[in-house]
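So the chains spell out like this:
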Amino acid sequence: LMAAVGAPQQANAYELPPLPYAYDALEPSIDKATMEFHHDKHHLTYVTNINKALEGKDQPPLVELQKTAIQSGPAFRNSGGGAYNHNFFWLEMAPKGKGGSPSAKLAKAIDEAFGSMDDFKAKFAAAGAPGARFGSGWVWLVVGKDNKLAITSTPNQDNPLMDGVEGT
């Protein structure tokens, strides 16, 4: 799991991780053709392009690359961010009936920050709804500077790990 999201490890080139479930496992929410295209073409393009950008250079763990992605330039920000975000994305979904409940500590923090799990889900969905952000982007549950949970959104392939990212 940690290797897929970029925890420290030796790496010569980033690889497209396999999906942790079958391509049709998320139907009817996400159909098989969409999953195949998004994983095998779209995500693979991010991985291929960040490998090209780093050719002949040190390849830090993908999570470490995020910290300087904006300052390092568009290939690092877009392709490095896209590779990291998608690695994380696939792991955060599960087929119906296969997901789990948050830990007691996380559930308590969600209740404190948002009122209830249902309120959190509604606010998270609203942050990712069409029109909430111009263009494409991501919605994240983060720990804010006040050590409380917050929902933020980032544009394109940006993520909260990037120094200088403009979240909402």
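Going by the structure above, here's the rest.
Residues numbered from 1 in each chain as written. Predicted model: local features only at pLDDT ≥ 70, side-chain atom pairs only at ≥ 80, totals over all residues. Heavy atoms only, no water.

Student: Could you give an account of the environment of Tyr23, naming the residues involved and the relevant values?
Tutor: For Tyr23, the position within the fold is in the loop between helix H1 (2-5) and helix H2 (32-53). Under the relative-accessibility criterion, Tyr23 is labelled partly exposed at 26%. As for Tyr23 and Phe120, which are separated by 97 residues in sequence, their C-alpha atoms are 28 Å apart. Once residues within four sequence positions are removed from consideration, Tyr23 is found in contact with Asp31, Lys32, Met35, Glu36, His39 and Asp40. One polar contact links Tyr23 to Asp40, side chain to side chain, over a distance of 2.7 Å. (Helix = DSSP H or I, 4+ residues; strand = E, 2+ residues; numbered from the N terminus. Buried < 20%, exposed > 50% of the residue type's maximum accessible area, 1.4 Å probe, protein only. Contact = heavy atoms within 4.5 Å. Polar contact = N/O pair within 3.5 Å; in protein donor to acceptor, adjacent residues only side chain to side chain.)

Student: Tell me about the layout of surface pockets, and name the residues and values.
Tutor: Considering only enclosed or pocket space, the largest pocket measures out at about 1,500 Å³ in volume. Along the walls of the largest pocket sit 40 residues, with Phe88, Glu92, Met93, Phe120 and Phe124 positioned nearest its centre. Among the secondary structure elements, those contributing two or more residues to the lining of the largest pocket are helix H5 (74-91), helix H6 (104-114), helix H7 (117-128) and strand S1 (137-143). For the lining of the largest pocket, the residue count by class is 26 nonpolar, 9 polar and 5 charged. (1 Å grid on protein atoms, 1.4 Å probe; cavity = no way out; pocket = protein on both sides within 12 Å on 5 of 7 lines; lining within 4 Å. Points joined across faces, edges and corners; volume = space filled by probe spheres on them. Nonpolar A, V, L, I, M, F, W, Y, C, P; charged D, E, K, R; others polar.)

Student: Can you break down the pattern of salt bridges residue by residue, with the values?
Tutor: Pairing between side chains of opposite charge can happen when the charged atoms of each approach one another. For the coordinates displayed, the defined rule picks out 3 salt bridges. Notably, a salt bridge pairs Glu112 with Lys108, separated by 3.8 Å at the nearest N-O pair. One end of the pair is Glu112 and the other is Lys108, both in helix H6 and 4 residues apart, which spans about a single turn. Of the two residues, Glu112 and Lys108, both sit in the exposed class. (Salt bridge = Lys/Arg side-chain N within 4 Å of Asp/Glu carboxyl O.)

Student: Could you give an account of the packing of aromatic side chains, with specific residues and numbers?
Tutor: Pairs of aromatic rings are described using the distance from one ring centre to the other and the angle between the two planes. Within the structure shown, the criterion is met by 7 aromatic pairs. With a centroid separation of 5.3 Å and an interplanar angle of 45°, the aromatic rings of Phe114 and Phe120 are classed as tilted. With relative accessibility at 9%, the residue Phe114 sits in the buried group. An angle of 50° between the planes, with centres 5.5 Å apart, marks the rings of Phe120 and Phe124 as tilted. (Phe/Tyr/Trp six-rings, centres within 6.5 Å; stacked < 30°, edge-to-face > 60°.)

Student: Talk me through a negative patch on the surface; I want residue IDs and the actual numbers.
Tutor: The grouping of Asp24, Glu27, Asp31 and Glu36 at the surface amounts to a negative patch. The residue Glu27 is located in the loop between H1 and H2 in this model. (Patch = residues over 30% accessible without salt bridge, like charges linked within 9 Å, V, L, I, M, F, W, Y side chains within 5 Å. Areas by Shrake-Rupley, 256 points an atom, 1.4 Å probe, with all protein chains shown as cover. Lys, Arg positive; Asp, Glu negative; His and termini not counted. Charge placed at Lys NZ, Arg CZ, Asp CG, Glu CD.)

Student: If you had to explain the environment of Asp158 to someone new, which residues and values would you point to?
Tutor: Along the chain, Asp158 falls in the segment after strand S2 (149-155). Taking C-alpha positions, Asp158 is 5.8 Å from Gly81, a pair spaced 77 residues apart along the chain. A polar side-chain atom of Asp158 sits 2.7 Å from a polar atom in the side chain of Arg77.

So far we have only geometry, and geometry alone does not tell us how the molecule works.
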